[in-house]
Amino acid sequence: MNVEDGGVPGLGRPRKARWTLMLLLSTAMYGAHAPLLALCHVDGRVPFRPSSAVLLTELTKLLLCALSLLVGWQAWPQGTPPWRQAAPFALSALLYGANNNLVIYLQRYMDPSTYQVLSNLKIGSTALFYCLCLRHRLSARQGLALLLLMAAGACYAAGGLQDPGTTLPGTPSAAATSPMPLHITPLGLLLLILYCLISGLSSVYTELLMKRQRLPLALQNLFLYSFGVLLNLGLHAGGGPGPGLLEGFSGWAALVVLSQALNGLLMSAVMKHGSSITRLFVVSCSLVVNAVLSAALLRLQLTAAFFLATLLIGLAVRLYYGSR
(Lines give C-alpha, C1' and ligand atoms only; values in the text may rest on other atoms or scores of the structure.)
Protein backbone atom coordinates (compact mmCIF):
# COMPACT_ATOMS: atom_id res chain seq x y z
CA MET A 1 0.00 0.00 0.00
CA ASN A 2 1.46 3.38 -0.97
CA VAL A 3 0.51 7.02 -0.70
CA GLU A 4 -1.49 7.01 -3.92
CA ASP A 5 -3.40 3.97 -2.75
CA GLY A 6 -4.25 5.64 0.51
CA GLY A 7 -1.55 4.20 2.73
CA VAL A 8 1.70 5.59 4.06
CA PRO A 9 4.90 3.85 2.94
CA GLY A 10 7.67 2.81 5.31
CA LEU A 11 5.65 2.88 8.53
CA GLY A 12 6.59 0.68 11.46
CA ARG A 13 3.99 -1.31 13.31
CA PRO A 14 3.22 1.39 15.97
CA ARG A 15 2.71 4.08 13.33
CA LYS A 16 0.58 1.75 11.22
CA ALA A 17 -1.55 1.12 14.29
CA ARG A 18 -1.96 4.88 14.84
CA TRP A 19 -2.85 5.38 11.17
CA THR A 20 -5.47 2.61 11.37
CA LEU A 21 -6.86 4.08 14.60
CA MET A 22 -7.12 7.51 12.96
CA LEU A 23 -9.08 6.09 10.02
CA LEU A 24 -11.40 4.18 12.34
CA LEU A 25 -12.04 7.30 14.44
CA SER A 26 -12.79 9.34 11.34
CA THR A 27 -15.15 6.65 10.06
CA ALA A 28 -16.96 6.60 13.40
CA MET A 29 -17.29 10.41 13.48
CA TYR A 30 -18.60 10.56 9.94
CA GLY A 31 -21.14 7.85 10.70
CA ALA A 32 -22.25 9.46 13.97
CA HIS A 33 -22.97 12.86 12.43
CA ALA A 34 -26.53 12.25 11.19
CA PRO A 35 -27.73 10.32 14.30
CA LEU A 36 -26.28 12.99 16.61
CA LEU A 37 -27.95 15.70 14.53
CA ALA A 38 -31.24 13.83 14.83
CA LEU A 39 -30.87 13.85 18.63
CA CYS A 40 -30.67 17.66 18.48
CA HIS A 41 -34.18 17.93 17.00
CA VAL A 42 -36.88 19.73 18.94
CA ASP A 43 -40.42 19.12 17.67
CA GLY A 44 -38.96 17.53 14.56
CA ARG A 45 -36.73 20.48 13.67
CA VAL A 46 -33.13 21.54 14.25
CA PRO A 47 -33.44 24.41 16.77
CA PHE A 48 -30.35 26.31 15.63
CA ARG A 49 -29.23 27.88 12.37
CA PRO A 50 -27.20 25.49 10.18
CA SER A 51 -24.82 28.35 9.37
CA SER A 52 -24.13 28.71 13.12
CA ALA A 53 -23.07 25.07 13.37
CA VAL A 54 -20.79 25.36 10.30
CA LEU A 55 -19.21 28.59 11.58
CA LEU A 56 -18.62 27.18 15.07
CA THR A 57 -17.12 24.02 13.57
CA GLU A 58 -14.67 26.05 11.48
CA LEU A 59 -13.81 28.21 14.48
CA THR A 60 -13.20 25.14 16.65
CA LYS A 61 -10.87 23.68 14.02
CA LEU A 62 -8.99 26.97 13.82
CA LEU A 63 -8.54 27.14 17.60
CA LEU A 64 -7.35 23.53 17.79
CA CYS A 65 -4.77 24.19 15.06
CA ALA A 66 -3.52 27.32 16.83
CA LEU A 67 -3.29 25.39 20.11
CA SER A 68 -1.36 22.61 18.38
CA LEU A 69 1.25 25.09 17.20
CA LEU A 70 1.41 27.01 20.50
CA VAL A 71 2.03 23.99 22.71
CA GLY A 72 4.43 22.43 20.24
CA TRP A 73 2.44 19.37 19.20
CA GLN A 74 3.61 20.22 15.69
CA ALA A 75 6.88 22.05 15.19
CA TRP A 76 6.82 25.60 13.90
CA PRO A 77 8.89 25.93 10.70
CA GLN A 78 12.34 27.43 11.13
CA GLY A 79 12.47 31.14 10.38
CA THR A 80 9.51 33.17 9.24
CA PRO A 81 6.94 31.04 7.37
CA PRO A 82 6.22 32.22 3.83
CA TRP A 83 2.80 33.73 4.39
CA ARG A 84 2.21 33.95 0.65
CA GLN A 85 1.70 30.19 0.81
CA ALA A 86 -1.53 30.89 2.65
CA ALA A 87 -3.19 32.43 -0.41
CA PRO A 88 -3.93 29.15 -2.28
CA PHE A 89 -5.97 27.93 0.69
CA ALA A 90 -8.50 30.68 -0.01
CA LEU A 91 -9.61 28.68 -3.06
CA SER A 92 -9.98 25.53 -0.94
CA ALA A 93 -12.15 27.40 1.55
CA LEU A 94 -14.22 28.88 -1.28
CA LEU A 95 -14.78 25.46 -2.88
CA TYR A 96 -15.77 23.86 0.42
CA GLY A 97 -18.06 26.80 1.20
CA ALA A 98 -19.74 26.55 -2.19
CA ASN A 99 -20.26 22.83 -1.71
CA ASN A 100 -21.76 23.19 1.77
CA ASN A 101 -24.27 25.74 0.50
CA LEU A 102 -25.10 23.75 -2.63
CA VAL A 103 -26.16 20.83 -0.44
CA ILE A 104 -28.86 23.00 1.13
CA TYR A 105 -29.86 24.68 -2.14
CA LEU A 106 -30.22 21.35 -3.96
CA GLN A 107 -33.08 20.25 -1.71
CA ARG A 108 -35.36 22.73 -3.50
CA TYR A 109 -35.09 20.87 -6.79
CA MET A 110 -35.22 17.20 -5.77
CA ASP A 111 -36.38 14.96 -2.97
CA PRO A 112 -33.87 13.81 -0.31
CA SER A 113 -33.79 10.19 -1.54
CA THR A 114 -32.90 11.23 -5.09
CA TYR A 115 -30.19 13.49 -3.73
CA GLN A 116 -28.73 10.71 -1.56
CA VAL A 117 -28.56 8.30 -4.49
CA LEU A 118 -27.23 10.67 -7.16
CA SER A 119 -24.75 12.43 -4.87
CA ASN A 120 -22.69 9.23 -4.98
CA LEU A 121 -21.51 10.48 -8.39
CA LYS A 122 -18.97 12.56 -6.42
CA ILE A 123 -16.99 9.33 -5.98
CA GLY A 124 -16.50 9.23 -9.73
CA SER A 125 -15.68 12.95 -9.98
CA THR A 126 -13.09 12.65 -7.19
CA ALA A 127 -11.44 9.73 -8.96
CA LEU A 128 -11.44 11.69 -12.23
CA PHE A 129 -9.73 14.75 -10.72
CA TYR A 130 -7.40 12.47 -8.76
CA CYS A 131 -6.14 10.96 -12.02
CA LEU A 132 -5.99 14.27 -13.92
CA CYS A 133 -4.43 16.50 -11.25
CA LEU A 134 -2.15 14.03 -9.49
CA ARG A 135 -1.30 12.09 -12.65
CA HIS A 136 -2.06 8.77 -11.03
CA ARG A 137 -3.60 6.04 -13.13
CA LEU A 138 -6.09 3.71 -11.48
CA SER A 139 -6.02 0.06 -12.45
CA ALA A 140 -9.12 -1.73 -13.72
CA ARG A 141 -9.35 -3.42 -10.33
CA GLN A 142 -9.28 -0.08 -8.50
CA GLY A 143 -11.82 1.42 -10.89
CA LEU A 144 -14.17 -1.50 -10.24
CA ALA A 145 -13.72 -0.96 -6.49
CA LEU A 146 -14.84 2.66 -6.82
CA LEU A 147 -17.84 1.61 -8.91
CA LEU A 148 -18.79 -0.79 -6.12
CA LEU A 149 -18.53 2.10 -3.63
CA MET A 150 -20.94 4.14 -5.75
CA ALA A 151 -23.32 1.19 -5.96
CA ALA A 152 -23.11 0.64 -2.19
CA GLY A 153 -23.96 4.27 -1.47
CA ALA A 154 -26.90 4.21 -3.87
CA CYS A 155 -28.15 0.92 -2.44
CA TYR A 156 -27.99 2.22 1.14
CA ALA A 157 -29.65 5.53 0.24
CA ALA A 158 -32.45 3.71 -1.58
CA GLY A 159 -33.56 1.81 1.52
CA GLY A 160 -30.86 0.77 3.96
CA LEU A 161 -32.93 1.89 6.95
CA GLN A 162 -36.66 1.65 7.60
CA ASP A 163 -38.95 3.17 10.20
CA PRO A 164 -40.68 0.25 11.95
CA GLY A 165 -43.73 2.48 12.49
CA THR A 166 -44.39 2.74 8.76
CA THR A 167 -47.82 1.41 7.92
CA LEU A 168 -48.97 -0.41 4.84
CA PRO A 169 -49.60 1.67 1.71
CA GLY A 170 -53.22 2.72 1.22
CA THR A 171 -54.10 3.16 4.90
CA PRO A 172 -55.11 6.60 6.22
CA SER A 173 -52.06 6.91 8.47
CA ALA A 174 -49.76 5.96 5.62
CA ALA A 175 -51.26 8.67 3.45
CA ALA A 176 -50.67 11.24 6.16
CA THR A 177 -47.02 10.27 6.57
CA SER A 178 -46.14 9.30 3.00
CA PRO A 179 -42.66 10.38 1.93
CA MET A 180 -42.01 13.05 -0.65
CA PRO A 181 -42.36 11.53 -4.14
CA LEU A 182 -39.18 10.96 -6.13
CA HIS A 183 -38.45 13.89 -8.41
CA ILE A 184 -35.66 16.01 -9.83
CA THR A 185 -35.87 19.06 -12.07
CA PRO A 186 -33.50 19.78 -15.00
CA LEU A 187 -31.96 22.64 -13.00
CA GLY A 188 -31.59 20.31 -10.02
CA LEU A 189 -29.72 17.79 -12.17
CA LEU A 190 -27.32 20.49 -13.43
CA LEU A 191 -26.72 21.72 -9.88
CA LEU A 192 -26.14 18.18 -8.68
CA ILE A 193 -23.51 17.63 -11.37
CA LEU A 194 -21.90 20.93 -10.35
CA TYR A 195 -21.97 19.82 -6.71
CA CYS A 196 -20.25 16.52 -7.54
CA LEU A 197 -17.59 18.26 -9.64
CA ILE A 198 -16.86 20.84 -6.94
CA SER A 199 -16.73 18.09 -4.30
CA GLY A 200 -14.14 16.12 -6.26
CA LEU A 201 -12.12 19.21 -7.21
CA SER A 202 -12.03 20.62 -3.67
CA SER A 203 -10.80 17.32 -2.24
CA VAL A 204 -8.08 16.73 -4.82
CA TYR A 205 -6.97 20.38 -4.94
CA THR A 206 -6.53 20.47 -1.16
CA GLU A 207 -4.60 17.20 -1.22
CA LEU A 208 -2.29 18.52 -3.95
CA LEU A 209 -1.74 21.76 -2.04
CA MET A 210 -0.95 20.07 1.25
CA LYS A 211 1.50 17.62 -0.29
CA ARG A 212 3.39 20.19 -2.35
CA GLN A 213 3.99 22.62 0.52
CA ARG A 214 6.74 21.75 2.98
CA LEU A 215 4.89 23.18 5.95
CA PRO A 216 3.56 21.55 9.12
CA LEU A 217 0.02 20.26 8.75
CA ALA A 218 -1.19 22.41 11.66
CA LEU A 219 0.07 25.56 9.93
CA GLN A 220 -1.58 24.56 6.65
CA ASN A 221 -4.81 23.93 8.54
CA LEU A 222 -4.43 27.32 10.21
CA PHE A 223 -4.37 28.93 6.76
CA LEU A 224 -7.32 26.86 5.50
CA TYR A 225 -9.58 27.36 8.50
CA SER A 226 -8.78 31.07 8.79
CA PHE A 227 -10.28 31.54 5.34
CA GLY A 228 -13.07 29.14 6.27
CA VAL A 229 -14.02 31.17 9.34
CA LEU A 230 -14.02 34.43 7.38
CA LEU A 231 -16.13 32.94 4.58
CA ASN A 232 -18.68 31.32 6.88
CA LEU A 233 -18.83 34.41 9.08
CA GLY A 234 -19.86 36.41 6.01
CA LEU A 235 -22.42 33.77 5.01
CA HIS A 236 -23.86 33.69 8.51
CA ALA A 237 -24.08 37.48 8.75
CA GLY A 238 -25.64 37.72 5.29
CA GLY A 239 -28.19 35.01 5.96
CA GLY A 240 -30.82 37.45 7.20
CA PRO A 241 -32.63 37.52 10.53
CA GLY A 242 -32.81 34.35 12.57
CA PRO A 243 -31.70 32.72 15.82
CA GLY A 244 -28.48 34.01 17.39
CA LEU A 245 -25.13 32.28 17.01
CA LEU A 246 -25.57 30.03 20.06
CA GLU A 247 -29.35 30.10 20.27
CA GLY A 248 -30.91 26.65 20.34
CA PHE A 249 -27.63 24.86 21.08
CA SER A 250 -27.68 21.89 23.44
CA GLY A 251 -25.15 19.38 24.67
CA TRP A 252 -25.88 17.21 21.62
CA ALA A 253 -25.32 20.18 19.32
CA ALA A 254 -21.99 20.94 21.01
CA LEU A 255 -21.00 17.30 20.50
CA VAL A 256 -21.90 17.57 16.79
CA VAL A 257 -19.68 20.65 16.41
CA LEU A 258 -16.76 19.09 18.32
CA SER A 259 -16.93 15.77 16.47
CA GLN A 260 -17.08 17.50 13.10
CA ALA A 261 -14.13 19.72 14.01
CA LEU A 262 -12.01 16.76 15.11
CA ASN A 263 -13.04 14.82 12.01
CA GLY A 264 -12.01 17.74 9.80
CA LEU A 265 -8.55 17.67 11.36
CA LEU A 266 -8.30 13.91 10.89
CA MET A 267 -9.30 14.26 7.25
CA SER A 268 -6.59 16.88 6.75
CA ALA A 269 -4.04 14.34 7.96
CA VAL A 270 -5.50 11.77 5.55
CA MET A 271 -5.24 14.25 2.67
CA LYS A 272 -1.61 15.09 3.48
CA HIS A 273 -0.32 11.60 4.24
CA GLY A 274 -2.88 9.46 2.43
CA SER A 275 -5.11 10.43 -0.48
CA SER A 276 -8.51 11.67 -1.56
CA ILE A 277 -9.37 8.08 -2.44
CA THR A 278 -8.80 7.07 1.18
CA ARG A 279 -11.28 9.77 2.17
CA LEU A 280 -13.87 8.21 -0.17
CA PHE A 281 -13.48 4.85 1.55
CA VAL A 282 -13.76 6.45 4.99
CA VAL A 283 -17.00 8.20 4.01
CA SER A 284 -18.42 5.03 2.46
CA CYS A 285 -17.49 2.84 5.43
CA SER A 286 -19.13 5.39 7.71
CA LEU A 287 -22.49 4.31 6.26
CA VAL A 288 -22.22 1.14 8.34
CA VAL A 289 -21.64 3.17 11.52
CA ASN A 290 -24.49 5.50 10.57
CA ALA A 291 -26.90 2.59 10.14
CA VAL A 292 -25.94 0.83 13.37
CA LEU A 293 -26.22 4.03 15.43
CA SER A 294 -29.50 4.94 13.76
CA ALA A 295 -30.87 1.51 14.65
CA ALA A 296 -29.65 1.77 18.25
CA LEU A 297 -30.50 5.43 18.99
CA LEU A 298 -33.41 6.18 16.66
CA ARG A 299 -35.07 2.74 16.65
CA LEU A 300 -34.79 2.34 12.89
CA GLN A 301 -34.61 -1.11 11.32
CA LEU A 302 -31.78 -2.42 9.17
CA THR A 303 -32.99 -3.80 5.84
CA ALA A 304 -31.61 -6.20 3.27
CA ALA A 305 -30.36 -3.16 1.31
CA PHE A 306 -28.09 -2.25 4.25
CA PHE A 307 -26.49 -5.69 4.31
CA LEU A 308 -26.04 -5.62 0.53
CA ALA A 309 -24.40 -2.17 0.79
CA THR A 310 -22.10 -3.46 3.55
CA LEU A 311 -21.10 -6.42 1.39
CA LEU A 312 -20.35 -4.12 -1.58
CA ILE A 313 -18.22 -1.84 0.61
CA GLY A 314 -16.27 -4.83 1.92
CA LEU A 315 -15.66 -6.08 -1.63
CA ALA A 316 -14.55 -2.59 -2.71
CA VAL A 317 -12.03 -2.36 0.13
CA ARG A 318 -10.70 -5.83 -0.71
CA LEU A 319 -10.39 -5.00 -4.41
CA TYR A 320 -8.68 -1.64 -3.93
CA TYR A 321 -6.33 -2.42 -1.06
CA GLY A 322 -5.95 -6.18 -1.38
CA SER A 323 -2.88 -7.82 -2.82
CA ARG A 324 -2.66 -7.39 -6.58
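Everything quoted here is computed from the prediction, not taken from an experiment.

Would you mind going over the overall build of the protein chain with me for this structure?
A tally of helices and strands in the protein chain yields 12 helices and two strands. Of the regular secondary structure in the protein chain, the N- to C-terminal order runs α-α-α-α-α-α-β-α-α-α-α-α-β-α. Across the protein chain, contacts joining residues at least 24 apart in sequence account for 88% of those joining residues at least 6 apart. For the protein chain, the exposed surface amounts to about 16800 Å²; the carbon and sulfur share of it is 68%.

Looking at this structure, I do not really get the packing of aromatic side chains. What am I missing?
Here the distance between the centres and the angle between the planes together describe a pair of aromatic rings. What the rule picks out here adds up to six aromatic pairs. Ring geometry for Phe89 against Phe223: centres 6.0 Å apart, planes inclined by 50°, an arrangement best described as tilted. Of this pair, Phe89 sits in helix 3 (residues 88-106) while Phe223 sits in helix 9 (residues 217-237), and the two are 134 residues apart along the sequence. What makes Phe89 buried here is its relative accessible area of 0%. Looking at Phe223, the relative accessible area reads 5%, which means it is buried. By way of ring pairs, the aromatic residues Phe281, Tyr320 and Tyr321 are connected into one cluster.

What is the right way to read a nonpolar patch on the surface from this model?
Where nonpolar side chains cluster on the molecular surface, the patch consists of Ile184, Leu187, Leu189, Leu190, Ile193 and Leu197 and spans about 500 Å² of accessible area. Topologically, Ile184 is positioned in the loop between helix 7 (172-176) and helix 8 (186-212).

Is there a simple way to think about helix 12 (residues 304-321) in this case?
Because each turn of an α-helix spans 3.6 residues, side chains separated by three or four positions in sequence point in the same direction. Across its 18 residues, helix 12 extends 26 Å between first and last C-alpha, which sits within 8% of the 26 Å expected from 1.5 Å per residue. On its buried face, helix 12 is in contact with helix 6 (140-159), helix 11 (276-297) and strand 2 (301-302).

Even after reading the chapter, I still don't get the pattern of salt bridges, so can you show me in this structure?
Between side chains of opposite charge, pairing is possible as soon as their charged atoms come close. Scanning the model with the defined rule gives two salt bridges in all. Glu58 is the partner of Lys61 in a salt bridge, and the nearest nitrogen-oxygen pair spans 2.9 Å. Taken together, the residues Lys61 and Glu58, both in helix 2 (residues 50-70) and three residues apart, mark about one turn of the helix. Each member of the pair, Lys61 together with Glu58, is buried. We note a salt bridge from Glu207 to Lys211, for which the minimum N-O separation is 2.7 Å. Of this pair, Glu207 and Lys211 both sit in helix 8, four residues apart, which is roughly one turn of that helix.

Explain the environment of Asn263 here, please?
Along the chain, the position of Asn263 falls in helix 10 (residues 251-273). The class for Asn263 is buried, based on a relative accessible area of 2%. Between the alpha carbons of Asn263 and Lys61 there is a distance of 9.3 Å; along the sequence they are 202 residues apart. Excluding its chain neighbours within four sequence positions, the residues that come into contact with Asn263 are Ser26, Met29 and Tyr30.

Would you take a moment to explain the confidence of the model for the protein chain for this structure?
Residues shown with low pLDDT carry predicted positions that ought not to be read at fine detail. Per-residue pLDDT for the protein chain has a mean of 83; in total, 86% of the residues score no lower than 70. The low-confidence segment residues 167-178 (pLDDT under 50) makes four contacts with residues lying over four places distant or belonging to another chain.

When you look at the side chain of Ser202 in this model, what are you seeing that I'm missing?
On the secondary structure map, Ser202 appears in helix 8. For Ser202, the contacting residues outside a window of four places in its chain are Leu95 and Tyr96.

Criteria and cut-off values
Think of each chain on its own: its residues are numbered from 1, step by step along the sequence as written. Whole-chain, interface and lining totals are the exception, using all residues; otherwise, since this is a predicted model, local features are given only for residues with pLDDT of at least 70 and side-chain atom pairs are given and counted only at 80 or more. Only hydrogens and water are set aside when side-chain values are computed; all heavy atoms of the structure are taken into account. Strands are runs of DSSP state E lasting at least 2 residues, helices are runs of H or I lasting at least 4, and numbering of each runs from the N terminus. By definition in these notes, contact holds between two residues if any of their heavy atoms fall within 4.5 Å. Here, Shrake-Rupley sampling with a 1.4 Å probe gives the accessible areas, and only protein chains in the shown set may cover a residue. Within 6.5 Å between ring centres, the rings of Phe, Tyr and Trp (the latter by its six-membered ring) count as paired, and their orientation is classed by plane angle as stacked under 30 degrees, edge-to-face over 60, tilted in between. Relative accessibility decides the category of a residue: with a 1.4 Å probe and only protein chains considered, values under 20% of the type maximum give buried, values over 50% give exposed, and everything between is partly exposed. Within the patch definition used here, like charges are joined within 9 Å and nonpolar side chains (Val, Leu, Ile, Met, Phe, Trp, Tyr) within 5 Å, considering only residues with over 30% relative accessible area and no salt bridge. The rule for a salt bridge is simple: a side-chain nitrogen of Lys or Arg has to be within 4 Å of a carboxyl oxygen of Asp or Glu. Helix span, as expected, comes to 1.5 Å for every residue beyond the first. You can read pLDDT as the predictor saying how much it trusts each residue, on a scale of 0 to 100.

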